[in-house]
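# Close look at the chain arrangement
The residues making up each chain are set out below.
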Amino acid sequence: MASTFDKSTHEVLSISRRHLLTGAGALACSSMLPGMARAADDSWPNRPIRFVVPFAPGGSSEIVARSTAAELSKTIGQNVFVDNKPGAAGNIAMQEVARADDQSTVILGHIGTLAVNPYIFDKLPWDPKKDFVPVSLLAKVPSLYVVHPDLPVKNIADLVAYAKKNPGKLSYGSAGNGSAGHLAFEYLKMTADIFMLHVPYRGTGPMMTDLLSGRLDAASVGAAALLPFIKAGKVRCIATGSTKRLPQLPDVPTVAEQGFAGFEMTQWYGMLAPSSLPRAHVDKLATECAKAVKAPDALKRLQGDAAEPIGSTPEQFAQFINIEQNRWQKVLKRAQVKPG
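Parameters and conventions
- Residues numbered from 1 in each chain as written.
- Predicted model: local features only at pLDDT ≥ 70, side-chain atom pairs only at ≥ 80, totals over all residues.
- Heavy atoms only, no water.
- Buried < 20%, exposed > 50% of the residue type's maximum accessible area, 1.4 Å probe, protein only.
- Helix = DSSP H or I, 4+ residues; strand = E, 2+ residues; numbered from the N terminus.
- Contact = heavy atoms within 4.5 Å.
- Salt bridge = Lys/Arg side-chain N within 4 Å of Asp/Glu carboxyl O.
- Axes fitted to C-alpha atoms, helices over the stretch in contact; angles between N-to-C directions.
- Parallel < 35°, antiparallel > 145°, perpendicular 65-115°, else oblique.
- Left-handed = near helix turned anticlockwise from the far one by under 90°.
- Nonpolar A, V, L, I, M, F, W, Y, C, P; charged D, E, K, R; others polar.

## Let's talk about helix α9 (residues 223-231)
Of all the residues in α9, the buried ones are A223, A224, A225, L226, L227 and I230. Considering only its buried residues, α9 is in contact with α2 (60-75), β4 (132-147), α8 (204-213), β7 (218-222), β8 (236-240) and α11 (296-304). After α9 finishes, the residue G233 shows a positive phi value of roughly 80 degrees.

Quick look at the structure:
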């Protein structure tokens, strides 16, 4: 009887030990999973990151993107390179990045692609809310209103008077239909009740070539891209779209100061990722972007070109985009802006 009991007890204890060991092993494995997940997150990115800019080289987008990319390359563990992909008001690049699933492609979001294109195109080959996730608002750049030096215009009042005295004679250029420069000048035209012919280009660079040569009369471009030409006397700045005067141009009044209270026109740039990018990677990018735009070298470059570094969270950038879309949808409808 005792031997039977001992045998049964041994079997029960053996089974219990096996269950205990199995359970402990499972528990140990499960406790390792979060650490393994963190390790996997920490290993990203494991290849160079392609930072697509949906415009031709030149202009504020180039300055913001390259300043950010240079700093990210120092901290994120991989090289970050800028790839300019202009065309169709930024839609070609947006469509390409929306479909990217390599987890190493991001794009520069912009007032034109995010707050203009959804309202001027009947149908887009990409969805700003479904196909992309906001990462970080990188910088804001005040728009400057400039004219060719040969034009007898020194301020907004002169421009308004000249445009009304010479209907149909003045032209202004932009980086393309729906671009920030297009929006800025249409906003001014609507506010000042004047007419000027719009000439769209494939990027700020080509447009600036014609403005400097005198083939265009005026333009509105981000401060970063214009300051060198203003200081060299190759274009004349007649107003800033900022809410206060810029330290780099203390003698140039804002549009609001010149009789149009409440007028503000600021370009903005942020990083977007395809919606397929895991949230952990998005958060990591956002954290590094916030550091990048305020790193000493980037800060010096951006502020020297009148750009205001931001570095927001994904949630803050998403909220900002919604506000801008609501704001500019009304202006676009009233100005009847159409894609080229």
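The discussion continues.
## As for the pattern of salt bridges
Evaluation of the coordinates by the stated rule reveals 13 salt bridges. Of the charged contacts, one joins E71 and K74 as a salt bridge, the two residues approaching to 3.2 Å between their closest N and O atoms. Taken together, the residues E71 and K74, both in helix α2 and three residues apart, mark about one turn of the helix. Residue K74 is classed as exposed on the basis of its relative accessible area, which comes to 55%. Measuring nitrogen to oxygen at the nearest pair gives 3.6 Å for the salt bridge that ties E288 to K291. Of this pair, E288 and K291 both sit in helix α10 (residues 279-292), three residues apart, roughly one helical turn.

## Some words on the packing of helix α7 (residues 180-192) against helix α12 (residues 314-335)
When two helices pack together, you describe them by how their axes are tilted relative to each other and by the distance separating the axes. Relative orientation of the contacting elements α7 and α12 amounts to 65 degrees, with a least axis distance of 10 Å. The angle between α7 and α12 falls in the class roughly perpendicular. The element α7 and its partner α12 pack so that their crossing is left-handed. On α12, the residues that touch L183, E186, Y187 and M190 of α7 are R327, W328, V331, L332, R334 and A335. When the residues that make up the contact of α7 with α12 are grouped by side-chain class, the tally is seven nonpolar, no polar and three charged.

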